[in-house]
Amino acid sequence: MGSDDGTASLAVTTSAQDGLWLPAEPAPGSPAHTVCRAYRVAGPLDVGGLRTAWRAVVGRHESLRCTLVERAGRVAARIAGDVADDVWSFVDLAARAEHPHAAAREFCAELAAAPPRPPARLAVARLGADDHVVALVAHRAVADDTSISIVVDELSAAYASAVNGGRPADALPAQPRRYADYARWQRAQDHRHLVDWWRATLTPLPTAPDLPVDRVRPPALSATAGVERFDWGASLGRPLAELSTAEHVEPHTVLLAAFQLLLHRYGDGDRIAVGMPASARPVPEFAGVVGLFDTLLVLCADFTGPLTFRELVRRAGAAVTGALAHRALPFDELVRALDVDRAPHRIPWCDTLFVVGASEPRLRLAGARVTRQPVDAVAAVADLTLTVDAGGPAATGILEYRADAFEAASARLLLEQLRTLLAAALADPDLPVRALPLESRDRLRAAIRDADRVADGPAGPDTVNTLVRRVAERTPDAPALSYGGTRVSYAELRAHAALIAAALTGGHGAVPGRPVVVRMSTGPRQIAAVLGALDAGAHLVCLGADEMGERGRTMLADIRPARLVIDGSAGPDALAQWFADELDGQVVDVTAPPAPAASSPVQSAPQDRAYVAYTSGSTGHPKGIPQSHATLAQFVTWFGGEFRIGPGARVAQWAAPGYDASLCEAFAALVAGATLCPVPDRIRANPEKIVDWLAAERITHFQTVPTFAREILRVISGRAGAPEHLDHLLLAGEALPGELAGGLRAALPSVRLINLYGPTELILATWHEVAGEAHGEVHGVTPVGRSIPGRQVLVLDDQDRPCPAGVTGDLVIRSPYTTPGYLGPAAADRAPFRPVADTGGWGIGGPCYRTGDLGRRRFDGALEFRGRKDFQVKFNGIRLELGDLEAALAAHDSVAECAVVAVADANRLATRLVAYVVPVRGPDGTAAGAAADWRAALRARFGKAMPPVTFRTLIGLPRNIGGKIDRRSLPGPGPARGGAGAEPESWGSSPTPPWPG
Ligand code: AMP
Ligand code: MG
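Draft legend 1. Examining the overall build of the chain more closely. A tally of regular secondary structure across the chain gives 26 helices and 39 strands. Along the three orthogonal principal directions, the C-alpha set of the chain runs to about 115 × 80 × 60 Å. When each of the 997 residues of the chain is scored for burial, the buried share is 55%. Here the analysis covers contacts within the chain between residues at least 6 apart in sequence; of these, 72% occur between residues at least 24 apart. Surface summary for the chain: the accessible area is close to 40500 Å², and the carbon and sulfur share equals 54%.

Draft legend 2. Just the sheet that holds strand β31 (residues 792-796), in detail. Strands sit in the order β31-β32-β33-β34 across an open sheet of four strands; the sheet is antiparallel. Looking at the sheet topology across the chains shown, the edges are occupied by β31 and β34 (863-868). The sheet shows a mean angle of 45° between the axes of neighbouring strands, taken without regard to direction. Where strand β32 (residues 809-814) meets strand β33 (residues 849-857), four bridges bridge the pair, whose relative direction is antiparallel. In the sheet register, Asp810 faces β33, and the bridge partner there is Leu854.

Draft legend 3. Structural context of the confidence of the model for the chain. Looking at the chain as a whole, the pLDDT averages 90, with 94% of positions reaching at least 70. Note on residues 1-5: pLDDT under 50 across the span, and 12 contacts to partners over four residues away in sequence or across chains. Long-range and interchain partners of residues 23-28, a stretch whose pLDDT sits below 50, account for 12 contacts in this model, where long-range means more than four residues apart.

Draft legend 4. Quick peek at unusual backbone geometry. Across the junction of Thr203 and Pro204, the peptide omega takes the value -10°, indicating a cis bond. Along the chain, Pro204 turns up in the loop between α7 (192-201) and β8 (223-231). You will see that Arg644, though not glycine, has its phi angle at about 55°, which is positive. By relative accessible area, which is 57% here, Arg644 ends up exposed.

Draft legend 5. Geometry of the site of ligand 1. In the vicinity of ligand 1 there are 16 residues, among which Leu756, Thr760, Asp853, Lys874 and Arg879 approach most closely. Within the contact set of ligand 1, a nitrogen atom lies 2.7 Å away from a backbone nitrogen or oxygen of Leu756. One nitrogen or oxygen atom from the side chain of Thr760 is found 2.5 Å from an oxygen atom belonging to ligand 1. Only β28 (752-757), β34 and β35 (872-875) provide two or more residues apiece to the shell around ligand 1. When residues of the shell around ligand 1 are assigned to their parent elements, the largest contribution, three residues, is made by β28. In terms of residue class, the shell around ligand 1 is built from six nonpolar, five polar and five charged.

Draft legend 6. Region of the structure containing the nonpolar core. If you look at the biggest cluster of nonpolar residues, it comprises 91 residues, and the most contacted ones within it are Trp232, Val254, Phe309, Leu334, Trp349, Leu386 and Leu422. Sorting elements by how many residues they give to this core places helix α9 (residues 251-266) first, with 10 residues. Leaving out residues up to four positions away in the same chain, Trp349 has contacts with Leu202, Leu205, Pro206, Ala273, Val274, Gly275, Val298, Phe331, Leu334, Val335, Leu338 and Val340. Membership of the second largest hydrophobic core comes to 65 residues, among which are Val464, Ala480, Leu534 and Phe643.

Draft legend 7. Spotlight on the packing of helix α2 (residues 47-60) against helix α5 (residues 145-163). The geometry of α2 relative to α5 is characterised by a closest axis approach of 8 Å and an angle of 135° between their N-to-C directions. For the element pair α2 / α5, the angle class is oblique. Regarding α2 and α5, the two cross each other, and that crossing is right-handed. Between α2, through Gly49, Leu50, Ala53, Trp54, Val57 and Arg60, and α5, the contact on the second element is made entirely by Val151, Glu154, Leu155, Ala158, Tyr159 and Ala162. Across the contact of α2 with α5, the residue classes break down as nine nonpolar, one polar and two charged.

Reading the values: the criteria
Residues numbered from 1 in each chain as written. Chains lettered and ligands numbered in written order. Predicted model: local features only at pLDDT ≥ 70, side-chain atom pairs only at ≥ 80, totals over all residues. Heavy atoms only, no water. Helix = DSSP H or I, 4+ residues; strand = E, 2+ residues; numbered from the N terminus. Buried < 20%, exposed > 50% of the residue type's maximum accessible area, 1.4 Å probe, protein only. Contact = heavy atoms within 4.5 Å. Areas by Shrake-Rupley, 256 points an atom, 1.4 Å probe, with all protein chains shown as cover. Pairing = 2+ DSSP bridges. Axes fitted to C-alpha atoms, helices over the stretch in contact; angles between N-to-C directions. pLDDT = per-residue confidence, 0-100. Near = heavy atom within 4 Å. Polar contact = N/O pair within 3.5 Å; in protein donor to acceptor, adjacent residues only side chain to side chain. Nonpolar A, V, L, I, M, F, W, Y, C, P; charged D, E, K, R; others polar. Core = buried A, V, L, I, M, F, W, Y, C linked by side-chain atoms within 4.5 Å. Parallel < 35°, antiparallel > 145°, perpendicular 65-115°, else oblique. Left-handed = near helix turned anticlockwise from the far one by under 90°.

Structure (structure tokens):
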């Protein structure tokens with residue numbers, strides 16, 4: 001301790017105080033550390049006496065005159081010698097404010113939401129003659145909850161003495177010890193045995209619960225808190241008391257167990273951490289001392305093994321008892337000792353707190369009636385804090401939440417889930433915890449109903465080409481297409497399509513009901529060919545004009561199309577040549593069509609196939625996904641209506657041929673009488689050129705994938721103006737990072753930003769409009785929203801039961817617009833279409849599509865995408881089965897075995913693929929192949945569609961006990977470039993792999 005200036009001195013701090021002084025955080029000045037109590041005082045108040053009494057209290061406690069400062073790189077407590085004038089403030093709201101009561105509320109809220117300066121202050125507001133509000137404000141670093149009780153008691157006694165003409169100081173007990181004594185004592189302790197106990201207790205390390213937030217919290221230490229009270233009455237209080245007596249635990253421990261169970265359901269971790277503040281004040285030594293004696297205890301709930309609620313309560317009781325017995329280890333020391341990853345703006349393990357509320361003495365101001373007032377706008381550090389009232393049957397308390405992460409309605413639903421869970425657990429504590437419900441049947445039923453949107457397709461049984469024909473009849477001169485300065489009217493498009501339909505009908509072999517492959521780049525000719533093929537009664541398979549490798553031949557051999565349509569002006573096409581030579585196929589060149597046969601459009605029926613989209617198959621064989629006319633017509637009609645596509649709209653066709661999105665863009669525009677603007681190939685993948693093109697083509701609707709939207713955002717941000725005609729930006733195909741959504745909204749404030757989700761098997765399934773978020777930026781991943789009409793998107797558990805809100809399960813879709821099944825070798829794969837058994841009688845039985853996606857329903861009803869169950873990834877929005885690449889590599893002679901993984905960036909978008917290859921070795925140990933050979937093999941298989949892959953050679957692949965490749969145990973991906981064909985790496989320092997095989 002040393003002298004700082006004339007009247008102040010420096011004292012040692014505790015590490016808990018240091019913890020509130022984190023250089024990276026706005027800690028000393030953050031409202032997160034403000035403690036505020038407000039009291040309404042009715043009746044006569046001796047303001048002068050209160051001031052004298054308060055000054056006496058502050059004068060007694062060094063902590064109340066102490067500020068934390070930094071001296072020579074260390075935190076020190078600077079203790080003012082005198083009681084400063086600013087420890088007291090008085091404001092006369094009766095004279096100044098029109099509505100003094102409202103002003104008083106605001107007055108307290110402002111105090112609570114500001115950093116406490118000085119460290120402790122009493123603020124008095126006069127509302128009227130005998131009407132006052134008294135607010136006590138302190139910095140958490142100088143006064144914990146027990147200290148506030150001490151201060152309140154002392155203030156009451158000192159006031160009584162002051163108004164009776166006595167000396168307030170005389171009314172207060174002697175004060176033998178100071179907080180600095182505690183700090184010195186604590187720093188001298190040897191905590192090694194405590195560290196050992198905590199380390200053993202927290203191994204393996206528990207994780208913070210994965211809360212079903214409405215918004216991922218912004219990176220800030222604290223935010224305004226919202227508060228929900230609960231009082232579950234005697235009907236829960238009684239059985240709760242009974243169970244606690246039976247299990248020899250405090251009643252609040254039963255609530256803790258229920259809370260932990262709820263949190264466990266929200267996440268998938270088996271060990272969940274909840275923080276519990278507790279006082280580590282040594283009593284009786286420091287009983288009357290004001291200061292920070294609180295610490296945070298980490299309570300780990302272990303959910304491994306079969307577990308009943310009773311057993312969980314026992315575990316919770318043991319965890320609390322153990323933690324309390326070892327509370328002398330300061331939390332900061334624990335964090336350092338366990339070397340946990342410290343996420344900025346978070347207190348490790350303490351996103352969620354469980355607090356046993358202590359009752360506090362009332363402020364007594366002799367002669368007046370004092371009642372404690374709630375304070376608005378206090379700050380919350382934790383995402384969620386459940387405070388239960390101690391004493392009595394503890395089924396009352398409050399849930400405090402960060403208002404930047406939760407809506408009030410969500411907090412109420414969360415409490416409702418806790419209550420439902422607790423009620424069921426108390427009714428039968430010996431049930432396995434898995435069997436306990438979080439939601440009533442009624443609530444689940446309502447959610448199931450809510451997930452089901454009535455389809456609003458076209459009125460009649462019309463196919464998309466019929467609908468386009470109608471538009472052409474109504475408005476023949478309207479612009480149907482705009483491409484590179486060329487404008488094609490609806491009449492011209494029809495005429496061109498009719499020519500192609502006639503050309504297709506010529507030749508040998510019937511076309512209606514058969515596949516026609518249109519292998520052309522996007523543009524007016526391709527659209528005419530697509531329409532022509534449909535008019536000829538065929539169904540479509542669209543392929544781009546790029547080199548497709550072996551995959552193209554495999555597909556044509558599978559499809560055996562009646563005709564292959566090409567654009568001969570684009571140059572010779574090896575695949576078409578192969579088709580003609582090897583499969584004896586008929587190729588139709590739209591630039592030199594054969595003599596047309598007299599033909600009139602063939603009317604397809606709604607249930608007839610409209611197209612087949614091919615995607616990556618997990619076995620290495622492309623997978624054909626057929627869709628009916630009814631599905632295509634319903635989808636594009638909904639899409640056009642929902643996103644206001646009509647005459648005058650100019651819709652980009654960005655998706656490449658072959659993806660269902662390309663047909664959807666085309667027909668959403670054309671059936672609505674809008675203008676379709678195909679993006680020329682040389683522009684499609686170039687963000688700079690696209691931004692110019694969007695402006696030049698006056699595009700109103702642009703659909704793309706998030707990965708590319710990010711590039712566009714980068715370009716727009718570097719320029720003065722955004723494409724001014726754009727009013728819908730539609731993103732689909734992969735998860736939309738919140739930061740990207742936020743950036744796009746800021747850069748394109750007048751544009752409707754839509755996140756669309758769904759598998760090709762249903763075209764799309766849900767959508768969400770990213771609104772101007774009330775709380776500024778969007779973080780985390782954007783929700784995928786609600787069902788598109790005609791699709792019921794459900795979250796089901798592993799037994800096909802509906803999951804409650806907040807709980808992650810499988811996204812399963814019931815819809816008449818589901819593909820009937822796959823084509824090609826994948827046809828036998830019916831697993832994704834296994835009907836829902838609906839043993840629970842929810843009315844969700846029957847046909848469905850199991851997406852393989854994980855998701856959860858938020859409290860507001862919107863769905864969130866939570867990753868995949870399998871090894872399907874998205875690369876630039878394109879669906880890729882890692883098994884597809886693995887099969888291609890494994891087929892190479894030099895590959896003994898291999899595993900492919902996707903590497904994602906901070907936004908969880910895949911940026912590249914890494915192939916781990918175990919090469920075949922010759923007798924001398926040299927590898928039979930290298931990166932260049934494997935890359936060539938992939939190239940031969942996938943052609944230009946091959947995604948970028950880097951290679952790492954290993955001497956064996958890690959496998960789990962079941963013998964499957966354990967992808968999680970593969971070494972890191974290594975640098976993006978280089979490392980290819982590197983020498984075999986051993987696993988750690990061990991020369992042989994520590995796994996079998
Ligand atoms: P595809 O059939 O090629 O359209 O791919 C469908 C898959 O892409 C889905 O099953 C999801 O895994 C993923 N996906 C599509 N859209 C989204 C989205 N908006 N958010 C997250 N994942 C998406
Ligand atoms: Mg899709």
